[in-house]
Amino acid sequence: MKSYTCIVEGKVTGGKFQSWVLDTALRLGLKGWVRNIDDRKAEILVQGDPEAYETLKQGLETEAPVPDLKKVTCTTIDYDKVHERFEARG
């Protein structure tokens with residue numbers, strides 16, 4: 001299945017970032033997950049409507065609560081698992 005992955009670099013710990021991604025993804029009808037890789041990096045896997053993904057991607061750069069955002073890198077991938085919902089994975 002066509003999916004999207006994003007790496008967000010900046011201060012992503014503290015709970016607000018994952019909550020924002022979860023709420024935004026649910027509002028947009030997207031499926032997948034968000035997880036922190038370390039204190040300064042998070043990974044997001046998104047499945048769903050390409051326009052909704054673009055809205056999320058733009059929001060990561062302009063609205064997400066990452067006070068010292070360094071970089072957002074998103075790519076399209078082929079992913080063999082289909083997700084039924086969007087979740088925060090810690």
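Structural notes, computed from the coordinates. For clarity, every value in this text was computed on a predicted model and none was experimentally measured. (Residues numbered from 1 in each chain as written. Predicted model: local features only at pLDDT ≥ 70, side-chain atom pairs only at ≥ 80, totals over all residues. Heavy atoms only, no water.)

Structural notes on the overall build of the chain
Our working rule: Under the scheme used here, helices are H or I runs from DSSP no shorter than 4 residues and strands are E runs no shorter than 2 residues, and both carry numbers assigned from the N terminus. Note on method: radius of gyration uses C-alpha positions; expected globular size equals 2.2 Å times residues raised to 0.38. Partly exposed residues are those whose accessible area sits between 20% and 50% of the maximum for their type, while under 20% is buried and over 50% is exposed, using a 1.4 Å probe and protein chains only. In what follows, residue pairs with any heavy atoms lying within 4.5 Å of each other are defined as contacts. Using a 1.4 Å probe, the Shrake-Rupley method yields the accessible areas, and only the shown protein chains count as cover for residues. Here Asp and Glu are counted as negative and Lys and Arg as positive; His is not counted, and neither are the chain ends. A charged residue contributes its charge at one atom only: NZ of Lys, CZ of Arg, CG of Asp or CD of Glu.
Looking only at helices and strands, the chain features two helices and five strands. Along the chain, from the amino end to the carboxyl end, the secondary structure elements read β-α-β-β-α-β-β. The globule rule puts the C-alpha radius of gyration for 90 residues at 12 Å, and the 12 Å found for the chain is close to it. If one aligns the C-alpha atoms of the chain with their principal axes, the spans along those axes are about 30 × 20 × 20 Å. Within the chain, buried positions represent 38% of all 90 residues. For the chain, long-range pairs separated by at least 24 residues make up 79% of all intrachain contacts whose partners lie at least 6 apart in sequence. With the model as given, the accessible surface of the chain reaches about 5,100 Å², and the carbon-plus-sulfur share is 47%. A distance of 4 Å separates the average location of the 14 positive side-chain charges in the chain from that of its 15 negative side-chain charges.

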